[in-house]
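# Commentary on secondary and tertiary structure
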Protein chains: 4
Amino acid sequence: MYKFRLHGLVADLWPLIRIMQMTGFFLLDYHEDMSFGWTSIRTGYASTVSCFMVIQYLLLFINLMKQAEDVNDLTANTITVLFFLHSLIKFFYFAIRRAKFYRTLATWNNANSHPLFSENQSRHHATAVGSMRRLVMNVGIGTIVSGFAWTAITFIGDSVHEIRDPDNFNETIFEEVPRLMLRSWYPWNALSGGGYVVSFIIQILWLFLALSHAMMMDTMFCCWLIYTCEQLIHLKEIMKPLMELSASLDTVVPHSADLFRAVSATTNAPITSGDGEGIRAIYSNQHDFSNFRLNTGTLANVNSGSVGPNGLTKKQELLVRSAIKYWVERHKHVVRFVSNIGDTYGSALLLHMLTSTVALTLLAYQATKIDTVNVYACTVLGYLVYSLAQVFLFCFFGNRLIEESSSVMEAAYSCQWYDGSEEAKTFIQIVCQQCQKAMSISGAKFFTVSLDLFASVLGAIVTYFMVLVQLN
Amino acid sequence: MYKFRLHGLVADLWPLIRIMQMTGFFLLDYHEDMSFGWTSIRTGYASTVSCFMVIQYLLLFINLMKQAEDVNDLTANTITVLFFLHSLIKFFYFAIRRAKFYRTLATWNNANSHPLFSENQSRHHATAVGSMRRLVMNVGIGTIVSGFAWTAITFIGDSVHEIRDPDNFNETIFEEVPRLMLRSWYPWNALSGGGYVVSFIIQILWLFLALSHAMMMDTMFCCWLIYTCEQLIHLKEIMKPLMELSASLDTVVPHSADLFRAVSATTNAPITSGDGEGIRAIYSNQHDFSNFRLNTGTLANVNSGSVGPNGLTKKQELLVRSAIKYWVERHKHVVRFVSNIGDTYGSALLLHMLTSTVALTLLAYQATKIDTVNVYACTVLGYLVYSLAQVFLFCFFGNRLIEESSSVMEAAYSCQWYDGSEEAKTFIQIVCQQCQKAMSISGAKFFTVSLDLFASVLGAIVTYFMVLVQLN
Amino acid sequence: MYKFRLHGLVADLWPLIRIMQMTGFFLLDYHEDMSFGWTSIRTGYASTVSCFMVIQYLLLFINLMKQAEDVNDLTANTITVLFFLHSLIKFFYFAIRRAKFYRTLATWNNANSHPLFSENQSRHHATAVGSMRRLVMNVGIGTIVSGFAWTAITFIGDSVHEIRDPDNFNETIFEEVPRLMLRSWYPWNALSGGGYVVSFIIQILWLFLALSHAMMMDTMFCCWLIYTCEQLIHLKEIMKPLMELSASLDTVVPHSADLFRAVSATTNAPITSGDGEGIRAIYSNQHDFSNFRLNTGTLANVNSGSVGPNGLTKKQELLVRSAIKYWVERHKHVVRFVSNIGDTYGSALLLHMLTSTVALTLLAYQATKIDTVNVYACTVLGYLVYSLAQVFLFCFFGNRLIEESSSVMEAAYSCQWYDGSEEAKTFIQIVCQQCQKAMSISGAKFFTVSLDLFASVLGAIVTYFMVLVQLN
Amino acid sequence: MYKFRLHGLVADLWPLIRIMQMTGFFLLDYHEDMSFGWTSIRTGYASTVSCFMVIQYLLLFINLMKQAEDVNDLTANTITVLFFLHSLIKFFYFAIRRAKFYRTLATWNNANSHPLFSENQSRHHATAVGSMRRLVMNVGIGTIVSGFAWTAITFIGDSVHEIRDPDNFNETIFEEVPRLMLRSWYPWNALSGGGYVVSFIIQILWLFLALSHAMMMDTMFCCWLIYTCEQLIHLKEIMKPLMELSASLDTVVPHSADLFRAVSATTNAPITSGDGEGIRAIYSNQHDFSNFRLNTGTLANVNSGSVGPNGLTKKQELLVRSAIKYWVERHKHVVRFVSNIGDTYGSALLLHMLTSTVALTLLAYQATKIDTVNVYACTVLGYLVYSLAQVFLFCFFGNRLIEESSSVMEAAYSCQWYDGSEEAKTFIQIVCQQCQKAMSISGAKFFTVSLDLFASVLGAIVTYFMVLVQLN
């Protein structure tokens, strides 16, 4: 069905891209029929969705303005407005910077493989695709459940709004409000009848679109990081066979197990008995890389292809050289991909953190007013958990990137480099130097996406909460 | 007696493992008779202990619930509950993740030695075993003393409980409570008679078990770190003779002391008198590594075994090469061991720090109410010192690991690498690069176990204390 | 016109230097006629300006002293005094340390170029000059606009000063004050008539001079950083052709594309079909450095000039060697330039940050009294924005320096070093090691000029503001 | 006079050591006559001094206990007691750990020099000795001035002590106190007459001894750091000639200036005109190391001594090799010296910082009560400035150590390593790796002695001061 241009990341992320196209993102590429007519229709659809999103958002904002007198209403409305600001920011951020997204998605279109490592590469690719689809599915389910929970909570409890009696400021009277998910102003009477039905349909549509807009963008970010991590694991796993290949080449050095046999044969030193065993054991300790299997067919063919002793060495040398080149070029490609991701998402992450911090501080204030388990408490906790889950999602994957990239040095160190050729050792050295700094995604150079960031956000909220509780 | 499978860390930690088995840990391995019957009996014992621990803990919790009205009682009970939460967490953590513990204990089962360095290795092994046994003994004594002190303090002062008069809220009346170590609820009357005796026996048993459960787990962690540190010291000490071996091999370069004699013989330059002495002195400055003795017998044998000038070099080259391999493989093994420890203990450390922080904050609150030296003050200070000692224990050893591992680079630098062969220099370079990052144990990636952590915990408590004193 | 000594940074910064000379800085060098007479006249001009600056500043200070009773007046006057303290500090800092400025400006006078990289060098030089002139223009316009806005706001609203009634301390009376930009004391009556005109002219002159003094010094700092960054980009861009040159030389290794052809010709292994393509593709993947063009004319000439196979190699070797030397020497020159900048500006930056922090804290206090949009609010916000913009300016460029310098390692890694000669690889290694530490400008060793600094300044102000709002 | 054993650091620090011996430190070594009799006399003297110090300190403490009711008196007395706790800690710290001090002082006894670098070495040694003596003199003068100022301030103002009237707690009465430097309890009446004279003499003696004890210990620490820094500068300066020596040896590479002449001679490429100049200019750019002069006599002799082309190279090779060894061994010696200093002073620094922090916090409290310029204000400010000066002294030199040691890498990079031999490049690489971490002195692993520490201490005091002012 989609056999036209599905390669690279676009193919891997196809379900996500399809969902994004359906929810109205300005993702106009990646269609079979790219004729002017169809493109216009798609542009029209995306524009309609964006107008819809903006208009309903403005209605929320008008309601915020109209209820600005009471501090509780103001806080609640501000939280709602900030909460959906995420969605709008991300939607329009994508629309404006979609060229960058296209470019990043195209990064892996022409990534070549190496005959020796293609099996490992395709295995990790499959793992990455699996993880990404699982993530998309989980986030999708989470979003739908959140949407329904939000809708459901509207029908629990009374639907009233506490306002000050304009005649007597010390008393509060209760005003009936429509059973809607969001407090919004409408030019029509939304309390009941047709007006209510229209408002309800608009809100449920808008709610699901807004939630999916925010989540889909975050999911794409996480998927990219998953892909990066799998590539890094691939690189780390092929390090060991690469070094073994280099060691087997090194004809100047005889095979280590033979070395001590030679020693013992000529000298009869006490090293042959007992102690000699110790040294041999050092040489032969096999490490567990059971999960790596060389394309032994190809390699064996190359090795056995030519009979000449020199010819063999030369071909193997070429193999090692090409393997090193493959490693370095792939690693550089990953570095470039990470820098592209940072470039594409940097400002969006900064905006996300800014709005989240303000919203979470306000939520901490709201949370101090919880005294029993009711609709109010559920709403506040729902907001809180959802917002934190959003932040946690990208912090978690950002942290995984930092860990995977910083453990490349350990992987390089843990292969048997001391047996490698001079060239291989220089390779190990330069790679170690480069990997002293972990790769990371920064939010427009102001913070680094990691679990540390999440912990500090959490810590700040706990602090605010405790200060506010004390003030109350 | 235990001649069946006692090698590696299990043998070194045998007293600790025996204590853990006796106090009811689910440590079902490491017995002589592993038949189904005996294993069932042991499982039954461990299960009984765990049920006992849980039931008494729940009784404490029920008491907490029943006394929740008064803020002082609530705080005191919460501290007690949190304090013993450690023990339960650690007990069940071990039960659930015992496979990881077995794996980590098995790490050193097949660690080979090198004929040249076996003497140094066995010396450091002995030091490590000594330190570990001393630690187990000290911690054991400390735990028993704490338990008896706790029991003793119960019999000092009046055994009353201050409660509000239900008729007149402004007055307090005193209720007599049983002289027990822990405020717990029992289905029977524990105030006196048989009920009291039963409660007392239950509590004293539970108290000692709970204290030892927590301490034994921490001690095992510390023992592993001690073992790691000794291995690192071993590696640092053999670095110097390794380099000297390499330097003595380097036949291209004549021995440095001879070099200047050659210069002076041919030129009669002023360098021969006085100044030449200076240079020779630079070459011959001997560093103090008196505490290292080569297995000179073995080495001399190898050296003198073959007479041919080329054969000698080749064998020595093999020796150097094997020594380097030994060093790197041993270092990698230590790195893997540390990563195993982190894997095994990570979440337990995180839980420990979380409960400790909450408990210590509550203790700071309790401490603000101390105004004179009495039973209350002693209890609070006892809790405080005990909790801090627990944290200090693993922070201290965690810090030692950081120090020992970060000084590997200095050790590599401080041997005479400039005389070594090209291969040895590359070895030094890669090792230096790898050791720029210190090894450390992280608490589930949220913090690093070090004295810094202890200082920050201490600082936080002092801050809380001062804020609370000011509020009072 | 200025054909006498205009080379290096002086020529590039000529507009800025001319403005500085005109606004009275003690910049006595860089004139066509350096005879004693002209120099004396210039010294006289600068001295007059400095006297003028100091006298008016002292009058401001006298006014501060006379209005010290009321806390609001005191705060407002202190802010003004601190604000202009910047200008005076910078003016006299330049006067005293002008030798260091001359030396830093002379750094690039004799910077040589390399025939292969002169095209790239001159392109980046042109970019730097363009950026610097644009910056000077923008800052100049900003300064002039600020000056006029300041003057304009004086004529809006009433020109009164609220003081306490000396008879009745609970009432305030309004005193008319002259419509001047700055509250200053004068020995004459400045309220109206000639006194007013004189005062106004003095103040407008002083205001513009003070603003330009502060801004011109900051601009010179930023221009130097711009120049440094462009030089670093130049170095990063020539890294890739340098490595390619080295790789093309490496006659021991046949060209990689040929390697696999050789393999396939002799063995007919399955590697030739399909899989072989993969390897060849790895070799031939071209990276985008479209913005770099070698002086191919020169290079081609050198390459084709001699026919002998050995002679060619030797000359190319010389080229590579000279290119590496060029790179390293240029990099060292940049390092020295940065250290000169730090040396020249260090203490000025420390003083700037100290006065700014105090002034911004006071402004946060003033900002808590804003309740509506009026002249007062505009003034406070104006001060705030202007002060923050000043700090942001040098933080932004300081951060750019850190980024550019820390990405030199990535640039070194991302060229095809695995094909380079042994010498080139060593070059890459040493450069990587050196570039692990980013270059940065420190404020007298107490802080580093970066966006982090700006964020922490901003965070401190927000904290102060919130604490003060809460206290009010 | 002292011709018996005055070499190494003892000779360099002779004035300081003499002062320490005279002020009663347990510095029993370094005397001409080390017979048992003289040693006993010296031990007796030091013991007497220590008894005197302790007894007067206890009297201060008794006074503190007796005046513990009033919070102001308590604070003032506590500050005094903490202030002199420094002196006692340092005095007895030295007494107990004098073996470590002897060992550290003996570090440089056998430091060899290298004929090529002896001139530079002796120059830097002389600079270090000069700086150290200047420091000892300045600190000595400062201590004496402080002592006299302290004594002088006693005779200014009334000598009364404000106490609560025991009959009427709302009134205060004034009790006359003796005009003594320190509030101390004596078994005799110290208000006037002989008792007063005795007390005064005791106090003035004790005051000067206590001040010098504290200062002399700090001065020795600073002197050691000065010596270390000069050694590091020496190492940095000889790096450049060392590399030039290596480059001049490298016979494989013809002299660079000749290289391009060869090119131009064979090809007549445009490179010869103009552009060729550029390259040659790159080669010949001379860097300013005017302050380094080789022992050219020695070197020339060695060079011209043998005529044979091969012999010359060999001897030069030996020279380079010995120079590298000299560099590395000297650097290691400095590293060992720094680690010795840290070992010797670590706990003393920790104790100093602990007591200082508490004392400075109390001083911040006292400072909030200053409202006018009087004796009280002077006393508080005097304490404050003196305490901060003490901390600043060792922070300043600790920071210098960090800077000098971290700039070794820059020094290694800034010499012409690209011309050096392969061995020299490896040397540069390993040195660079080692010097990525700066050397520093840590206070028992809890903090690092640097200007950052000073800034954080200052920041903490400012914070305390502001909080306390707000509370008042």
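Residues numbered from 1 in each chain as written. Chains lettered and ligands numbered in written order. Predicted model: local features only at pLDDT ≥ 70, side-chain atom pairs only at ≥ 80, totals over all residues. Heavy atoms only, no water.

The condition that has to hold: UniProt positions are given in the numbering used here, feature names are shortened, and annotations may be inferred rather than shown by experiment.
Chain A is annotated in an unreviewed UniProt entry as Odorant receptor of Reticulitermes speratus. Turning to chain A, the UniProt record has this under Sequence similarities (unreviewed entry): "Belongs to the insect chemoreceptor superfamily. Heteromeric odorant receptor channel (TC 1.A.69) family. Orco subfamily." Its UniProt record, at the heading Subcellular location (unreviewed entry), says of chain A: "Cell membrane".

### Some details on the packing of helix 6 (residues 118–154) of chain A against helix 12 (residues 375–406) of chain A
All names here are of chain A. Quick reminder of the rule: Every axis corresponds to a line fitted to the C-alpha atoms, with the helix fit spanning only the stretch in contact, and the corresponding angles, defined between N-to-C directions, vary from 0 to 180 degrees. Secondary structure elements are taken from DSSP: a helix is a run of H or I of four residues or more, a strand is a run of E of two residues or more, and numbering for both begins at the N terminus. Orientation categories follow fixed angle ranges, with anything under 35 degrees roughly parallel, anything over 145 roughly antiparallel, 65 to 115 roughly perpendicular, and all other angles oblique. Should the near helix be turned anticlockwise from the far one by less than a right angle, the crossing is left-handed, and should it be turned clockwise, the crossing is right-handed. Residues are treated as being in contact if the distance between any of their heavy atoms lies within 4.5 Å. As a working rule, the residues Ala, Val, Leu, Ile, Met, Phe, Trp, Tyr, Cys and Pro are called nonpolar, Asp, Glu, Lys and Arg charged, and the rest polar, with Gly in that last group.
Running from amino to carboxyl end, helix 6 crosses helix 12 at an angle of 165 degrees, the nearest separation of the two axes being 11 Å. When the axes of helix 6 and helix 12 are compared, the pair comes out roughly antiparallel. Where helix 6 crosses over helix 12, the handedness of that crossing is left-handed. Within the contact between the two elements, helix 6 uses Leu135, Val139, Ser146, Trp150 and Ile153 and helix 12 uses Val375, Cys378, Thr379, Tyr383, Tyr386, Leu393 and Phe397. Looking at the contact of helix 6 with helix 12 residue by residue, the classes come out as 10 nonpolar, 2 polar and no charged.

### Focus: the packing of helix 3 (residues 36–66) of chain B against helix 4 (residues 71–96) of chain B
All names here are of chain B. Packing of helix 3 against helix 4 brings their axes to within 10 Å, and their N-to-C directions diverge by 165 degrees. Viewed along their axes, helix 3 and helix 4 adopt a mutual orientation that is roughly antiparallel. Remark: the crossing between helix 3 and helix 4 carries left-handed chirality. Across the interface between the two elements, Ala46, Val49, Ser50, Met53, Val54, Tyr57, Leu60, Phe61, Asn63 and Leu64 of helix 3 pack against Leu74, Asn77, Thr78, Val81, Phe84, Leu85, Leu88, Phe91 and Phe92 of helix 4. Residue composition of the contact of helix 3 with helix 4, grouped by class: 15 nonpolar, 4 polar and no charged.

### Regarding helix 2 (residues 14–22) of chain C
Residue and element names in this part refer to chain C. Put simply, the rule reads: Exposure is judged per residue with a 1.4 Å probe applied to protein chains only, and the accessible area is read against the type maximum: over 50% gives exposed, under 20% gives buried, and values in between give partly exposed. Picture the helix axis, draw a direction to every C-beta atom, and the arc is the one those directions span.
Those residues of helix 2 that sit buried are Trp14, Leu16, Ile17, Met20 and Gln21. Along the axis of helix 2, the buried positions cluster into a sector of 160 degrees, meaning they face one direction only. Of the residues one or two after helix 2, Gly24 is the one with positive phi, at around 95 degrees.

### Quick look at the pattern of salt bridges
All names here are of chain C. Convention followed: Salt bridge criterion: a side-chain nitrogen from Lys or Arg within 4 Å of a carboxyl oxygen from Asp or Glu.
Considering all chains together, one arrives at 25 salt bridges over all chains under this definition. The shortest N-O distance in the salt bridge between Asp343 and Lys100 comes to 2.7 Å. One end of the pair, Asp343, is in helix 11 (residues 309–367); the other, Lys100, is in helix 5 (residues 98–105), with 243 residues separating them in the sequence. For Asp343, a relative accessible area of 36% corresponds to the partly exposed category. Overall, the relative accessible area of 23% leaves Lys100 in the partly exposed class.

### Remarks on the side chain of Thr219 of chain B
With respect to the helices and strands, the residue Thr219 of chain B is situated in helix 7 (residues 193–249). Given a relative accessible area of 0%, Thr219 of chain B falls into the buried group.

### What about the state of the cysteines?
Defined as follows: We call a pair of cysteine sulfur atoms a disulfide when they lie within 2.5 Å.
With the rule as written, the count across this model stands at 0 disulfides over all chains. The structure places no disulfide on Cys222 of chain B, whose sulfur is separated from the nearest cysteine sulfur, that of Cys223 of chain B, by 7.1 Å. For Cys222 of chain B, a relative accessible area of 0% puts it in the buried group. Cysteine Cys432 of chain D shares no disulfide, and the gap to the nearest cysteine sulfur, in Cys435 of chain D, comes to 7.2 Å. In this structure Cys432 of chain D comes out as buried when scored by relative accessible area, which is 0%.

### A word on the UniProt feature "transmembrane region" (unreviewed entry) in chain A
All names here are of chain A. Annotation from UniProt places "transmembrane region" (unreviewed entry) at residues 43–62, 74–96, 135–156, 190–211, 349–367, 373–397 and 446–467. Helix makes up 86% of residues 190–211 and strand 0%, whereas the separation of the span's terminal C-alpha atoms amounts to 23 Å. Secondary structure within residues 373–397 divides into 92% helix and 0% strand; the distance between the first and last C-alpha atoms comes to 33 Å.

### Comments concerning helix 5 (residues 98–105) of chain B
Of the positions making up helix 5 of chain B, those classed as buried are Phe101, Tyr102, Thr104 and Leu105 of chain B. The buried residues of helix 5 of chain B occupy an angular sector of 165 degrees when the element is viewed end-on, so they sit on one face.

### Some thoughts on the packing of aromatic side chains
Put simply, the rule reads: Aromatic rings from Phe, Tyr and Trp, taking only the six-membered ring of Trp, are treated as a pair when their centres fall within 6.5 Å; an angle between ring planes under 30 degrees marks them as stacked, one over 60 as edge-to-face, and anything in between as tilted.
In total, this model carries 126 aromatic pairs over all chains according to the counting rule given. Seen in terms of ring centroids, Phe101 of chain A and Tyr345 of chain A are 5.4 Å apart; in terms of plane orientation they differ by 75 degrees. Their pairing is edge-to-face. Pair noted here: Phe101 of chain A is in helix 5 (residues 98–105) and Tyr345 of chain A is in helix 11 (residues 309–367), with a separation of 244 residues, a long-range link. Residue class for Phe101 of chain A comes out buried when judged on its relative accessible area of 0%. Assessed through its relative accessible area of 2%, Tyr345 of chain A is described here as buried. Ring centres of Phe25 of chain C and Phe94 of chain C lie 5.3 Å apart, and the angle between their planes is 80 degrees; on these two criteria the pair is classed as edge-to-face. Linking Phe25 of chain C in the loop between helix 2 and helix 3 (36–66) with Phe94 of chain C in helix 4 (residues 71–96), this pair joins segments that are 69 residues apart in sequence. Take Phe25 of chain C and Phe94 of chain C: they sit in the same class, and that class is buried.

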